[in-house]
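Each chain, letter by letter, is given below.
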Number of protein chains: 2
Amino acid sequence: MQAEIITIGDEILIGQIVDTNSAFIGKALNSIGVSVYQITSIQDDREHLLKAFAEAENNADIIIITGGLGPTKDDITKHTLADYLEDTLVQNDQVLQHVEQLFKKYINQPISEINKKQALVPTKAKVLMNKFGTAPGMWLEKGNKTFISLPGVPYEMKALIDNEVLPNLIKKYKRPYILHKTILTYGLGESIIAERIEAIEDTLPKHIKLAYLPSLGKVRLRLSGKGEDEAHLEMDIQSQIDKILPLIQDVFVGFQDNDEGLEQSIARQLTKKGQTLALAESCTGGKLAEQFTSHAGASAFFKGAIVSYATQTKIDLLGVSEEVINQKSVVSLEVAEAMATNIRKIIKTDYAVATTGNAGPTKGDSDAEVGTVFIAIASKNGVKAYEFNMGNHRERVINKTVNKALELLQKEIFEN
Amino acid sequence: MQAEIITIGDEILIGQIVDTNSAFIGKALNSIGVSVYQITSIQDDREHLLKAFAEAENNADIIIITGGLGPTKDDITKHTLADYLEDTLVQNDQVLQHVEQLFKKYINQPISEINKKQALVPTKAKVLMNKFGTAPGMWLEKGNKTFISLPGVPYEMKALIDNEVLPNLIKKYKRPYILHKTILTYGLGESIIAERIEAIEDTLPKHIKLAYLPSLGKVRLRLSGKGEDEAHLEMDIQSQIDKILPLIQDVFVGFQDNDEGLEQSIARQLTKKGQTLALAESCTGGKLAEQFTSHAGASAFFKGAIVSYATQTKIDLLGVSEEVINQKSVVSLEVAEAMATNIRKIIKTDYAVATTGNAGPTKGDSDAEVGTVFIAIASKNGVKAYEFNMGNHRERVINKTVNKALELLQKEIFEN
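Residues numbered from 1 in each chain as written. Chains lettered and ligands numbered in written order. Predicted model: local features only at pLDDT ≥ 70, side-chain atom pairs only at ≥ 80, totals over all residues. Heavy atoms only, no water.

The name recorded for chain A in an unreviewed UniProt entry is CinA-like protein, from Olleya marilimosa. Within the UniProt record for chain A, the comment given under Sequence similarities (unreviewed entry) is "Belongs to the CinA family." (UniProt positions renumbered as here; feature names shortened; annotations may be inferred.)

Novice: Now, about the packing of helix α3 (residues 46-59) of chain B against helix α4 (residues 77-84) of chain B: what can you tell me, with residues and values included?
Specialist: Residue and element names in this part refer to chain B. One can describe the packing of α3 onto α4 by two numbers: an axis separation of 10 Å at closest approach and a directional angle of 55°. By the angle between their directions, the pair α3 and α4 is classed as oblique. Of the two possible hands of crossing, α3 and α4 adopt the one that is right-handed. Every residue of α4 that contacts α3 at R46, L49, L50, F53, A54 and E57 is listed here: T77, T80, L81, D83 and Y84. Looking at the contact of α3 with α4 residue by residue, the class counts come to six nonpolar, two polar and three charged. (Axes fitted to C-alpha atoms, helices over the stretch in contact; angles between N-to-C directions. Helix = DSSP H or I, 4+ residues; strand = E, 2+ residues; numbered from the N terminus. Parallel < 35°, antiparallel > 145°, perpendicular 65-115°, else oblique. Left-handed = near helix turned anticlockwise from the far one by under 90°. Contact = heavy atoms within 4.5 Å. Nonpolar A, V, L, I, M, F, W, Y, C, P; charged D, E, K, R; others polar.)

Novice: So what's going on with the relation of the copies chain A and chain B? Which residues, and what values?
Specialist: You can overlay chain A on chain B at an RMSD of 0.0 Å; the transform is a turn of 180° with a shift of 0.0 Å along its axis. Taken together, the rotation and translation describe the operation of a two-fold axis. The share of interface residues of chain A whose copies in chain B are also at the interface is 99%, consistent with both copies meeting through the same surface. (Least-squares fit on C-alpha atoms with pLDDT ≥ 70 in both.)

Novice: Go over the confidence of the model for chain A with me, naming the residues and quoting the values.
Specialist: Mean pLDDT over chain A stands at 92; residues scoring 70 or higher make up 98%. Across the interface, the model reports ipTM at 0.74; the global pTM reads 0.74. (pLDDT = per-residue confidence, 0-100.)

Novice: Quick rundown of the sheet that holds strand β2 (residues 35-42) of chain A? Include the residues and the values.
Specialist: Spatial strand order, β6(A)-β7(A)-β8(A)-β3(A)-β1(A)-β2(A)-β2(B)-β1(B)-β3(B)-β8(B)-β7(B)-β6(B): 12 strands in an open sheet with mixed pairing. Looking at the sheet topology across the chains shown, the edges are occupied by β6 (126-128) of chain A together with β6 (126-128) of chain B. On average, each strand axis in the sheet is inclined to that of its neighbour by 20°, with strand direction left out of account. Sheet topology note: the β6(B)/strand β7 (residues 137-142) of chain B ladder contains three bridges and is antiparallel. (Pairing = 2+ DSSP bridges.)

Shown next, in the form of structure tokens:
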């Protein structure tokens, strides 16, 4: 069972927005056993749309199209898809009513002429009601191929995928199982890991694939399998994992399934133990706090943070001694330790994490080289601080520091 | 001049990662007058790669390929591209030396056998040296078509685009100018704006396109043009803008060029005036601070933030009165006001922004409905607080609150 995703919009091709819809749809389809053969992003151009529809019909059983469903003139997906499927557009009363209600509720105005067109759908389309917006999703069949047109606005598209598209695909198609298991390693390059497990890789059964995903000091090994029987597939993948793990024991960190981030895993552990966390952030500038609070349920363990970006804020709010700063520099092991120790006392938590460093591109309030970062972890066992060089690329320095801080905190929680 | 971008990797198609490379490349190509015809994401599969190369050669003059250049068995781009171009791989001594140096510097080990393969390149390839990684970029010509293969790791790819690909494309191809101007509006839906400017849209010259980009209460109107003469093109677009602006004066916020975010525009203004900012964040959980500190130069105006996620943290660190919280609820106009007023005094800044609300999915320490958010802005003129309902989707509530807070701060700075 193969799908193709077509995302439509000039804004994607000129790089004005990043296409995040495709990854969401890809993951959703995989979860019900549908593989994505290709993702194709194209402009709002009639000839190009027709060409892409024809190629996708040739490549795949299921064609999911996002974007180009707005009410303005640059949106041409609906008309072009109707033409491609030799259909015409008619007004759908249910959609019209829904659009009228949205207008009444949110802008307290009667529906405009342009927006009435949102209620036009191909005669053969099954309408997928979009409760968050005016553009309906549309499900169209041509032989055993299914074309699904969805709005490009991510939260509208996501709701339609979850509530309409997946349930209907499950009903219509018999699908195999697709399973991914991801092994997380830390501390060795992908080539060295590949050499260690070469013999296993060379003898993998045909229905299982191995991929290496290196990023920021970590390498993820992803085993992907496809099969008719879920239990068998699970066993097949597990038996490969059992062969791999003994060879990479020294760098094995854990499994990363459902793409759970380390911050979510930490959140789960702290919440379960009824323990709490505070942060004192300098070079990470609030990003560590943002990571934790982006997930629901953060208030169960996360009490708060001080983002002490200026040196004076470290002194005034975190009580870091001015003398230590003058002697050791504001980017130093001692300052990181003081920040972590003090924020833990100030907010009264079980754990505290502090970061101070120079993310660049120029030197800040200290003489520290760009990329120099100190991370400290405070707990009932005292405080531990570590020094790193995170390179000279601002965004990467911040991201690597966030990742490393999460790892060190995870380690501390694990050892306590 | 047309380009096609091909991004390779199973991780893209199963939704394990979002393809951010294409947007970066699209924007970079646009900046030198090259249009992107299509973005195609495919699996690490030989037959599929060959098919995609052939289609891209048919569609475009320039084919930029990212990914699949690692040293492990799942990486097949280099071999497949060499086969497609009827070429063979040979060792490149400069690349080998570079890989050896990287190994020596970062892992203090001699180069492994697998990594030696990173130095193999097609005989006809011009090597684009990748100073951040082991996989070289490759520039290959077939007639007047150019194939450019780049590593998939974003920061390696970006450096190669900036330092090698763009300068070489500029040398090789005569290109037109591409200009985008984006008008930012706030407060009206796209359909209503479209009705107002319909007459202008219907008479746009052929070389200028108009697109509507709605998001979170804002609608951006993007005018895109292509032409041989930069000054003429600039004038043509400006004359359309001059016709549009009088019709949308009530909702016109400004121009958004170079995709500068509102936080960058605020940063520029505060830095110029020598003014400073502090934040007290509850429901935005550090994201507002992260927005400001993600850009270089933040320390010039951003002094710090308190992320007072727990109610007790609001009392202890921000000095919000327990009585007010009990009487008015922790999600209230009064608490937002107190947070902003107090953080401004605590950190001693010109401006302060505070957020408190319920991002959901469940009710927190207050009885406030999910989506209820209060934002307060404090300045020398006192404090102003505003109530909003940001809907019931956690991620959107946080993002909308961040955007709205930036807008309110911008307004306050503007009026002062």
